[in-house]
Structures are given as C-alpha cells and as structure tokens.
Protein chains: 4
Amino acid sequence: MKILVTGFDPFGGATTNPAIEAVRRLPDEIAGATIIKLEVPTVFDRCADVVRQAILTDQPDVVLSIGQAGGRAALTPERIAINLNDGRIPDNAGQQPIDQSIQEAGAAAYFTQLPVKAMARAIRAVGLPSQVSTTAGTYVCNHLMYQVQYLRATAFPTLRAGFMHIPFLPSQVTAQSNQPSLSLADDVRGITAAIGAIVARDGRGDVPTIEDSLN
Amino acid sequence: MKILVTGFDPFGGATTNPAIEAVRRLPDEIAGATIIKLEVPTVFDRCADVVRQAILTDQPDVVLSIGQAGGRAALTPERIAINLNDGRIPDNAGQQPIDQSIQEAGAAAYFTQLPVKAMARAIRAVGLPSQVSTTAGTYVCNHLMYQVQYLRATAFPTLRAGFMHIPFLPSQVTAQSNQPSLSLADDVRGITAAIGAIVARDGRGDVPTIEDSLN
Amino acid sequence: MKILVTGFDPFGGATTNPAIEAVRRLPDEIAGATIIKLEVPTVFDRCADVVRQAILTDQPDVVLSIGQAGGRAALTPERIAINLNDGRIPDNAGQQPIDQSIQEAGAAAYFTQLPVKAMARAIRAVGLPSQVSTTAGTYVCNHLMYQVQYLRATAFPTLRAGFMHIPFLPSQVTAQSNQPSLSLADDVRGITAAIGAIVARDGRGDVPTIEDSLN
Amino acid sequence: MKILVTGFDPFGGATTNPAIEAVRRLPDEIAGATIIKLEVPTVFDRCADVVRQAILTDQPDVVLSIGQAGGRAALTPERIAINLNDGRIPDNAGQQPIDQSIQEAGAAAYFTQLPVKAMARAIRAVGLPSQVSTTAGTYVCNHLMYQVQYLRATAFPTLRAGFMHIPFLPSQVTAQSNQPSLSLADDVRGITAAIGAIVARDGRGDVPTIEDSLN
C-alpha cells in the first residue's frame, strides 16, 4: 500500500507551517505502507496540480493532506470538502477568491473515503486529542481536499483521499493568551497513528464511534 | 413575500430552547414580509414532515430554520447542509443514528439559497455578533436544513431556504465558566435583522464581504 | 442603607464601556437601599480621588465598583485587590505604570467585605452566568478596588467595598469570533441582583457555596 | 545556587499530574544551579510540611513549585498567593475547606520574589507560550505557594520562592473538544528556561516587559 502525504508551506505571513514540518518528519514506512511526502504551495491555483502530478508519478492508493487550523486544540480528520473558495486572506500568490465555486461541474461537496472516526480513535489511543471535523473551512485547505476528491471522481476512481487539520505549534503562539497548540513531535505521532488506522481499516470502512458534534 | 420561520423544541434534557422561544417572539411582519412561525420537534424522523406540511399549507417563498448551537458566541447563518446523520446524543424520540445518509438519492450537500453574508452583516449592523458558518453539525439541525433543501430540489423549485444557529441563553449557562450566551431579546433582534437582509437582497444574491474562516 | 455604585468611562480606544452604561440604568432604590451612581475616569491617578470625594459627600455604607473584563462570559464579583499597577495599555491620561506598587505603606492585598458568593448565587438565580473571581487584573480596575480598600483601612473603617467585572457588550464584539458578551439589560439585572444580595446578607457574612476555581 | 523544585502528585481522580512528571525529568543542574526535586502530596494539611522539611534538609536558595492548571494554554508564573482555602473538590485526603484563611496571623497575600516576567520571556524565547498570572486559584496550589511564602516571612528570610502553573498534558484531554494542552517535553523545556531566568536575574529583580492582563 502506498500513501501520499501532503503538507502546505507557510502562509499568511508565518515563517513556519506545522503541516509540512510534520509531514517531513514522518517515517518512510508506517504499518507496512510506503509513505511518500510532498510539499504543496498554499496557492489556490497551484496546489492541486502539484498533487495531481504526484498521483500520476507515484500512483498512491491513498492521499492524506495535512493543513494547519489555528485555534483548534486537537488533530481533526475532516469528513467533507465543499465546492467553495472564500478567502479570509490572500494566498501565497496574492489571490483572494470570494464566494467562488471550485469546479463549476463538480458536486456541492465530497465526503472523504478515509475512516475518520477510526483515525480519531487511533490518535486518542496514543494519548493525543482528536475529534472528527465537519468543516475544512473555505480557504486553500478545503480547496485542496475538494480538488483531490474531484480528481478521484473524474480520473482516479480507485483512489481514497482525505484531509486532517492540526493545531498551531507552541512556537506560533508564544505571546497569545489561551491559544491552544500542539508540539511537532505530537503532530508526527498523531499523523502516524492516523495513517496506522487508514491501513488497518483498509477495505472495511469506518468504525461507528460516537463523536462530539454541534447540534 | 412570505417567510416561514421554524424553531426547534427543547432537547438533550434541557427545559428550554432559545430557537423556538425567539421564533415565537418575532413580529408578524418584517420589512414588508409576512412571517409564519412554526415549532418543529427535535426528532430526526419527524422534523422535516412538519416543515413539509407547512410549506404545502402556507406556500412560503422562504424557509428560515433556527436552531441552538451551544458553545457559539454569535448568530451564525449556515452556508451548507450535508447528507449525514450522526448523533452525539439521542433525539427527542430516542433515536441516535450513527453515520447514516439522510437521503440515499440526495446530493452530498446543498448550499443555502439565502444571502448568508448579507444576513451576518445586517446582524452586526444592529450591534450583535454574527459570522457565517460552514458547518451545521451532524445532528437534527443539519438534518432539517438538508431535508428542506432536498424538498426544494425535488418538489419546490422556487423555494429559498436556509438555517441560522443561535447561542445558548444566559439562563442555560449560569454555572458554567466561560460558556458564551446571548439574550432572547438579542436573538429576536438578530433574527429580525437577518430576515430584513433576506428581503432586501431578494433576487440579487449575496454581498461579497470578507468573512473569518478556517484555513 | 446607602450604596455608592461606580462605573468606568470608555478606555483603550472604545467608544462605550458597559460599566458606566449599566450603572446609569440602575434603579434609584434596590431592596430598600438607596443607590448613588458615579462615573469614574479610567485613569490610575484620578479614579480613587473621585470615589473618595463621593464617599465624603454621600457617606455610603457600601461602595460597589463595576468594570469591564473583555473576554469573560459571566458577571464576576472579585474577592481581592492586589498592590500592583501593571498596564497592558496606557490609561485615559496616557499613563502606563509597569510593576509599581499602588501604596508603599499598603498591604499586599485586601479582601473585599462584600458577600461575593451570595452575589454570584443571586445573579445565577435571575438566570445569568456568574462566578466568583480571584483576580481583578493589574490595570485601573484592580487599582480602584485596591484604593477604595486602602481608604477603608486608613480612613473609613465602617465601609464595606468591592468590585464586580462584567463582560463585553454584544455591540463590542460584532466581528470577533467566539468572544463572549452580555447585553446591557442583563448587566443591569445582574448588578441589581448582586446588590440585592449585598443588602440581604448585610451583617451576616457570605454564604458557603462551592464555586469553580483553578487548581 | 541551589533550587528546590516541587511537583504535586495526581488529584481529582486523575492518574497523572504533569507537575510531578515534569519535575522528575528536569536535569540535575540548570545554568550552574543545583536542582533538587521533590514530590508533594495534593493535600492542604500536608503539602507545606513536606516542603518545610526539604528546606531544612537541603537549604535551597530558591523554591519553585509547579502545579497543573487545567484549561490554561500557557506556562504561567504566578505573581501572588492569597490567604484563602476554598476547594472546588476535595483534596487527596478528602478535605474540602470552604472560605478559610490559611494563616490567621498571615498577610492577606504575598508577592513572589521570583522574576515572573523574565521567566515568561525566557519561556517564550525557547518557543513556548507563557504569560504572567495574577491568580493561583484557591485550591492546594495557591495554598502551597502561600505557605512557602509564610515560611519565608516567618522563618527563612533569605529564601526566594514562587509558583508556576502548567497546562494539561495532551493525554489528559484526548476526548475533550477545545481543551488546550502541552507536552511533557515542552513542560520540561519551559521549566528549564524559567529556572535559567531565575538564575540569570538573581539579585537584579525582574524585567519591565509589558504583559497581557485583565482590565
């Protein structure tokens, strides 16, 4: 089994992004699966092309994308990507789309094929906070998750793909009161556990745990 | 113009739900539109039938559903409903679906037809906190928002429909530290402002404000 | 019984301060006690003089000062004032003391004489969030609370005095995500309930409720 | 220079306490100072005796006590301890004092002799979140900080003493949404940096940085 794990580069004026830092530090093999690591630019127009090229080159069975969600305290596997670009800030190429569809011919949303509850449970089992999320936002993270799903739906039908958000690093919030963070070592442990769950559940679907949720 | 405004009854052991309390206190006319008020049971299997019956009877142009989102500090118009029931707790009929589709033949998600950014802006203009949300959760609120969209897609093509979450009331969080709340009077003012924006933007789409969002 | 209730004017670039707005709207009599209202400047060097003058003029039995604590979700009666000025921002006269004692000859801290737990319980009984606090900060609020205690200790031995923080108004946080707020009407109701408890417990000390607290 | 660093044992039903775990993992020498490590029971009546005995035996120049503050996101050096026991929950001996003075003859509060701003700055300089705190609560943490100050005031006049709170560990909040945490490795790094600042500022007082604070 081959798993392509992508991580975004720094954006919004930051000098680091825990996503690519954690991806770089993953082992080359997890639970018997080969791990391929890929840096992706935080640019609406380009990020999906970079992943598409890697899918063509490396032919992975699974694509797991990692992005930073400042403000969250837990590792959060995402359930769904929506067909909407709406930037709070410009991306790294200076683009800031407002209320635009990602694909005119695409679905309103795509659910992930990854076992998000099993991933969250596996992360918690190694002693880290994790919860399933139902929104990847409307910035480049959701954009990439959506685009990879669109690629799957239109060109790579056997692919399984998904996204996980991770918190700020402690070094990003040194002077902010009450902003949660997680260490890079824990990001690596958490992503590794999540990938272990992806491998373990392969072909068997998700587990039916009860998760916190909005009303 | 006729607007059906729905509010859920209390659930999860609570004795009150700000949603139906606020809906009951709305004026009968807002910005020239006639307001029809409807209480809806917090039950997966029944809530949509009650709204469908009211659509048939009252023939509204717009359906705006209101629900409580404990933990949020602002009034949050929802962008999208997803095809998923996943209950953290049982509903008022004791049902707790886990990871089930709402409609096998439905879309993965439906975007609202309501001008969510104009609604948020109008709420802020009357001095209340508001932000657009990209998740209505996976409980009965999302279920109802999805089902009304499914009705629109399959039976009422001219309907515009959407959902707005409101915070806890102060009386629901008297002993909880740091749980945000909003008063019933402010809920009524905020929903009234949002409806004013729905009327004002009718036929013209949304406004392109920049909103906070996850990365 | 005569109660002097003070409220600060706007500071830090804000155009409103819920403290003075709420104080202005209090009734002139609460639970049989006469209420005297006083606006106080958010200035380290001047606020205590204004209160001292009012104590001399009005001869109150109790001084209750009200201040805004942005970020808190509840009305929080303060237990204690500490002998420290340390400004995060300048006051309304441009002063920003850093790590200075308020009174060289003063105690390290003074506990309030007001029944803070009875106040919190009375506020919760009218359906509003309230918790006892153990820090009034190190800005002008703590300064005034300390100075009134110092006046009591040195010049007005029969006075009972204390402080209560109140949250932002909704209109102060319209565009901030997850910032809690409370309406002016609820501030007035909460302060009124707290004053009712001060009157009811007069001469009998506080009630021994169990309150949330840090470890 | 000799520094006694104390850490509490688990309490409130928890099986671990990051305080003692981090203290155990400190190096035996930091910035030239000898580090003596001491486990302290989370018991109002006993914790101070254990520290007093260690002061007599080891004759440290500085006592730094470490405790867990669930809910905080940063390492928080404490400015002040107050003369009040008020337990939200019983301690490990089943005692739950409500609104009791710690020392009838003690001051209302004692400020720390440690350079809390220099400690916070040093922690931030190693990439971890830190803020000065003005409340250690009213449970066993504040109790111990107060009692060590009382010992200093009454028996060990050359001692410098203080307290620092640390967040939950990730493993303590795996299933809680939005509860911040910090890893044990980062606790050790942060405490080490704080001790480095204590040594570096010895005899020179604190640094006049501007810190966040309540109003």
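See the structure above.
Position numbers for residues count from 1 along each chain, tracking the sequence in the order it is written. Chains carry letters from A onward and ligands carry numbers from 1 onward, assigned in written order. Only residues with pLDDT of at least 70 are given local features in this predicted model, and only at 80 or more are side-chain atom pairs given and counted; all residues enter the totals for whole chains, interfaces and linings. Where side-chain values are given, they derive from all heavy atoms of the structure, hydrogens and water being excluded.

Colleague: Which parts of the structure should I look at to understand the relation of the copies chain A and chain B?
Modeller: The second copy of the chain is related to the first by a rotation about an axis and a shift along the axis. Superposing chain A onto chain B requires a rotation of 180 degrees together with a translation of 0.0 Å along the rotation axis, leaving an RMSD of 0.0 Å. The two molecules are tied by a two-fold rotation axis, judged by turn and shift. Interface residue correspondence from chain A to chain B reaches 100%, placing this contact among same-surface, isologous pairings. Each copy is superposed on the other by least squares, with the fit set by C-alpha atoms of residues at a pLDDT of at least 70 in both. The contact rule is simple, with two residues in contact once any of their heavy atoms fall within 4.5 Å.

Colleague: What exactly am I supposed to notice about the arrangement of the chains here?
Modeller: The two units chain A and chain C remain apart, with a minimum C-alpha distance of 11 Å. Contact between chain B and chain D is absent, and the minimum C-alpha spacing across the pair is 11 Å.

Colleague: Please clarify how the sheet that holds strand β5 (residues 76-77) of chain D should be interpreted in this entry.
Modeller: Within a sheet, adjacent strands bond to each other through the backbone by hydrogen bonds, running parallel or antiparallel. Residue and element names in this part refer to chain D. At least two bridges found by DSSP between two strands is the condition for calling them paired. Helix numbering and strand numbering both begin at the N terminus, where a helix is a DSSP run of H or I of at least 4 residues and a strand a DSSP run of E of at least 2. Taken together, the 6 strands give an open sheet; going across it, the order is β2-β3-β1-β4-β8-β5, and neighbouring strands pair in mixed fashion. Either end of the sheet is taken by a strand with one partner, and the two such strands are β2 (29-30) and β5. One ladder, built from 2 bridges, connects β2 with strand β3 (residues 33-40); its direction is antiparallel. Residue Glu29 lies in a different strand from β3, and its bridge partner there is Thr34. Against the sheet, helix α4 (residues 140-154) makes contact with β1 (2-8), β3, β4 (62-68) and β8 (160-166), and its axis sits at roughly 170 degrees relative to β8, the strand it touches most. Only the stretch in contact is used when a helix axis is fitted, and all axes are lines through C-alpha atoms; the angle between N-to-C directions ranges over 0 to 180 degrees.

Colleague: Got a minute to help me understand the side chain of Arg152(A) in this structure?
Modeller: Mapped onto the elements, Arg152(A) comes out in helix α4 (residues 140-154). Look at Arg152(A): it is buried, it has no salt bridge, and the nearest opposite charge is Asp202(A) at 13 Å. The classification of residues rests on relative accessible area computed with a 1.4 Å probe and restricted to protein chains. Under 20% of the type maximum is buried, over 50% is exposed, and intermediate values are partly exposed. Under the counting rule used here, the positive set is Lys and Arg, the negative set is Asp and Glu, and His together with the chain ends is not counted. Salt bridge, as used here: a side-chain nitrogen of Lys or Arg that lies within 4 Å of a carboxyl oxygen of Asp or Glu.

Colleague: Is there a simple way to explain the sheet that holds strand β1 (residues 2-8) of chain B in this structure?
Modeller: Residues and elements named next belong to chain B. On the basis of which strands lie adjacent, the open sheet formed by 6 strands has the order β2-β3-β1-β4-β8-β5 and mixed pairing. The open sheet terminates on both sides in strands that have one partner only, identified here as β2 (29-30) and β5 (76-77). Of the pairings in the sheet, the one linking strand β4 (residues 62-68) to strand β8 (residues 160-166) comprises 7 bridges and is parallel in character. The residue of β8 that forms the bridge with Val62 is Arg160.

Colleague: Any chance you could explain helix α5 (residues 184-200) of chain A here in plain terms?
Modeller: Residues lying three or four places apart along an α-helix face the same way, a consequence of the helix completing one turn every 3.6 residues. Multiplying 1.5 Å by the residue count of a helix minus one yields the expected span of that helix. Its 17 residues place the ends of α5(A) 24 Å apart at the C-alpha level, agreeing with the 24 Å of an ideal helix rising 1.5 Å per residue. For α5(A), the full list of buried residues reads Leu184(A), Asp186(A), Asp187(A), Val188(A), Gly190(A), Ile191(A), Ala193(A), Ala194(A), Ile195(A), Ala197(A) and Ile198(A).

Colleague: Any chance you could explain the interface of chain D and chain A here in plain terms?
Modeller: The interface of chain D with chain A comprises 22 residues on the first partner and 22 residues on the second. Both faces considered, chain D and chain A share a buried interface measuring about 1,500 Å² in area, 56% of it formed by carbon and sulfur atoms. Seen at the junction of chain D and chain A, the total is 0 salt bridges. In protein, a polar contact requires one atom able to donate a hydrogen and another able to accept it; more generally it is a pair of N or O atoms within 3.5 Å, and residues adjacent in sequence count only if both atoms are side-chain atoms. Where chain D packs against chain A, one counts 4 residue pairs in polar contact (both at pLDDT 80 or more). Counted by class, the side of chain D that touches chain A contains 8 nonpolar, 11 polar and 3 charged residues. Note: buried area is the sum, over both parts, of the accessible area (probe 1.4 Å) each one loses when the two are combined. Side-chain classes follow a simple rule in which Ala, Val, Leu, Ile, Met, Phe, Trp, Tyr, Cys and Pro form the nonpolar group, Asp, Glu, Lys and Arg form the charged group, and the remainder, Gly included, forms the polar group.

Colleague: What's the story with the relation of the copies chain D and chain A in this structure? I'm lost.
Modeller: When chain D is fitted to chain A, the residual RMSD is 0.0 Å, and the transformation amounts to a turn of 180 degrees plus an axial shift of 0.0 Å. Interface residue correspondence from chain D to chain A reaches 100%, placing this contact among same-surface, isologous pairings.

Colleague: Which parts of the structure should I look at to understand the pairing of strand β3 (residues 33-40) of chain C?
Modeller: The two faces of a sheet get side chains in turn, since along a regular strand they alternate between them. All names here are of chain C. Judged from the 7 bridges that link them, strand β1 (residues 2-8) and β3 form a sheet pairing that is parallel. For Phe8, the partnering residue across the bridge sits in β3 and is Val40. With antiparallel pairing between neighbouring strands as the criterion, strand β2 (residues 29-30) and β3 make up a hairpin whose turn holds 2 residues, including Ala31 at a positive phi of roughly 50 degrees.

Colleague: In this structure, what is going on with the environment of Val50(B)? I would like to understand it.
Modeller: All names here are of chain B. Mapped onto the secondary structure, Val50 falls in helix α2 (residues 44-58). When the C-alpha positions of Val50 and Val40 are compared, they lie 6.6 Å apart, and in sequence the two are 10 residues distant. Here Val50 is in contact with Leu38, Glu39 and Pro41, once residues within four sequence places are set aside.

In short, geometric facts, not functional conclusions.
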